[in-house]
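Fold and geometry: a report
Chain residues, written in single-letter form:
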Amino acid sequence: MKKEFYSNGKLLITGEYLVLDGAKGFALPTKFGQNLIVERGNNQEITWKSYDCDGSIWFEDRISFAEITSKKSIEKTTSVRNTLLEILREGYLLNPDFIINSSGYSVTTTLTFPRNWGLGTSSTLINNMAQWLEIDAFVLLKNSFGGSGYDIACAQNNNPILYHLENGKPIVEKVTFDPEFTKNLYFIYLDKKQNSKTAIASYYKNKNGDLAKAITENNAITSEVLNAENSQEFALALEKHEAKMSVILEMETIKKSLFPDFNGVIKSLGAWGGDFVLVISEENPTEYFEKKGLKTILSYKDMIL
């Protein structure tokens, strides 16, 4: 018995944070992702091994079936083992057969992107595990890690999507996004990994003003982004998005705080202050960002499916 699963990474172009409250988010699945291989094991346990993209093992452990089926509460820590145990336990509650009808498993996961990039180490894992256990990935995410679910939608789709929550249910719409100006789009890694849970908690603490109005404005901007006919219209819409989120989060935009002299537009992606940013520039911005000490600079075609 050998089963293999794969899920795409993700980048959220519009709607960061607000997508948690029902706003529409425009998201792109990436060429990078994670696979999961399941083989027969023994001893009523799961032997787990996780590889980074360079072939190094970043996590390795054994989890007994008894730990998974136990009703004893799992200590809330940032440990990888406890997070994995929580996901497995929620998976068991949704489909007990994977434990009841097995003698054990050997599981291997492999990322195709550096783990610190923030392209969805957790979401790709959850989607892969949901495929393996034949359960709903959105439910597994909600019951374990939490979040809006747009990253699960990207994991499952090979094309751009428009995503929102409607009465708590995920609504995924496939959209067309292949403008000529993608040659002016670049993704820069800020080399400051952000914790999604921490960022979301901060959003709920700091969001202010009229949320309904903010969601309406976000949705209008998202529509402008998708319908932009040239890079100028696209850049203007994203600048507007940054300005409005700056007010909601009570944070400076990434361009103002780190790159005020850059000749172009810089849009935060996901958790503000870390991971990747989207850059719209008429000229190749590689030299500028390398002088700032940033080495991971990817073109649109190299990043996006």
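Residues numbered from 1 in each chain as written. Predicted model: local features only at pLDDT ≥ 70, side-chain atom pairs only at ≥ 80, totals over all residues. Heavy atoms only, no water.

Looking now at the pairing of strand β3 (residues 45-51). Relative to strand β4 (residues 57-64), β3 runs antiparallel, the two being bridged by seven bridges. By the bridge assignment, Glu45 is partnered in β4 with Ser64. Taken together, β3 and the strand that follows it, β4, pair antiparallel across an intervening segment of five residues, in which Gly55 is found at a positive phi of about 90°. As defined by bridge partners, β3 adjoins strand β5 (residues 105-111) across six bridges and the pair is classed as parallel. Directly across from Trp48, in β5, lies its bridge partner Val107. (Pairing = 2+ DSSP bridges. Helix = DSSP H or I, 4+ residues; strand = E, 2+ residues; numbered from the N terminus.)

On to the nonpolar core, then. With 40 residues, the main nonpolar core has Ile46, Trp48, Ile68, Leu88, Phe98, Met129 and Trp132 as its most contacted residues. For this core, the element with the highest residue contribution is helix α4 (residues 121-133), accounting for six residues. Beyond its immediate stretch of four places on either side in the chain, Trp48 contacts Leu36, Phe59, Glu60, Asp61, Leu84, Val107, Thr109, Leu125 and Met129. (Core = buried A, V, L, I, M, F, W, Y, C linked by side-chain atoms within 4.5 Å. Buried < 20%, exposed > 50% of the residue type's maximum accessible area, 1.4 Å probe, protein only. Contact = heavy atoms within 4.5 Å.)

A word on the packing of helix α2 (residues 80-94) against α4. The N-to-C vectors of α2 and α4 enclose an angle of 30°; their axes lie 11 Å apart at closest approach. For the element pair α2 / α4, the angle class is roughly parallel. For α2 against α4, the interelement crossing comes out right-handed. Contact with α2, carried on its side by Leu84, Ile87, Leu88 and Gly91, involves Leu125, Ile126, Met129, Trp132 and Leu133 of α4 and no other residues of that element. Looking at side-chain class alone, the contact of α2 with α4 contains eight nonpolar, one polar and no charged residues. (Axes fitted to C-alpha atoms, helices over the stretch in contact; angles between N-to-C directions. Parallel < 35°, antiparallel > 145°, perpendicular 65-115°, else oblique. Left-handed = near helix turned anticlockwise from the far one by under 90°. Nonpolar A, V, L, I, M, F, W, Y, C, P; charged D, E, K, R; others polar.)

Everything listed is a geometric property; what it means functionally is a separate question.
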